[in-house]
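# Observations on the three-dimensional arrangement
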Amino acid sequence: MEICFYWIDKFAAIEGQGYNFGSQLTFEYKNKTLFIDENSQYIEGFFNLNNSNLIKNVTAI
């Protein structure tokens, strides 16, 4: 499982904010509709050292 997008409707001073977490897709939430597009900046196998396929993606919050 991978978290690709996180939406905050309202929390403290944050309101109506979405966060993309660098997957093959980008997400945008407008007027109660989720839009999904391919991420043109995504690099397949960026973390794949020595063809190990051990790390698929890295996200830090």
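Below is a summary of the structure that appears in this document.

### Description of the packing of aromatic side chains
By the definition in use, this model includes two aromatic pairs. With a centroid separation of 5.6 Å and 35° between ring planes, the pair formed by Phe5 and Phe27 is classed as tilted. Here Phe5 is found in strand 1 (residues 5-11), whereas its partner Phe27 is found in strand 3 (residues 25-30), with 22 residues between them in sequence. Assessed through its relative accessible area of 13%, Phe27 is described here as buried.

### A word on the pairing of strand 2 (residues 14-20)
Pairing analysis gives six bridges linking strand 1 to strand 2, with the strands arranged antiparallel. In the strand pairing of strand 2, Trp7 is matched with Gly18. Connecting strand 1 to the antiparallel partner strand 2 that follows it, the hairpin turn spans two residues, and Ala12 within it adopts a positive phi of roughly 50°.

### Thoughts on a nonpolar patch on the surface
On the surface, Tyr6, Phe11, Ile14 and Tyr19 cluster together into a nonpolar patch covering about 410 Å² of accessible area. The set of elements that each furnish at least two residues to the nonpolar patch consists of strand 1 and strand 2. Looking at the secondary structure, you find Tyr19 in strand 2.

### Some points on the pairing of strand 4 (residues 33-38)
Remember that side chains alternate between the two faces of the sheet whenever the strand is regular. As judged from the six bridges shared by strand 3 and strand 4, these two strands associate in the antiparallel manner. Bridged to Glu28 within strand 4 is Phe35. Counted between consecutive antiparallel strands, the loop separating strand 3 from strand 4 contains two residues, among which Asn31 sits at a positive phi close to 50°.

### Here's the deal with the environment of Asp9
Tracing the sequence through the fold places Asp9 in strand 1. On the accessibility criterion, Asp9 (55% relative accessible area) is exposed. In this structure the C-alpha to C-alpha distance between Asp9 and Asn51, which are 42 residues apart in sequence, comes to 40 Å. Among all residues touching Asp9, those that are not within four sequence positions of it are Ile14, Glu15 and Gly16.

Cut-offs used in this document
Residues numbered from 1 in each chain as written. Predicted model: local features only at pLDDT ≥ 70, side-chain atom pairs only at ≥ 80, totals over all residues. Heavy atoms only, no water. Phe/Tyr/Trp six-rings, centres within 6.5 Å; stacked < 30°, edge-to-face > 60°. Helix = DSSP H or I, 4+ residues; strand = E, 2+ residues; numbered from the N terminus. Buried < 20%, exposed > 50% of the residue type's maximum accessible area, 1.4 Å probe, protein only. Pairing = 2+ DSSP bridges. Patch = residues over 30% accessible without salt bridge, like charges linked within 9 Å, V, L, I, M, F, W, Y side chains within 5 Å. Areas by Shrake-Rupley, 256 points an atom, 1.4 Å probe, with all protein chains shown as cover. Salt bridge = Lys/Arg side-chain N within 4 Å of Asp/Glu carboxyl O. Contact = heavy atoms within 4.5 Å.

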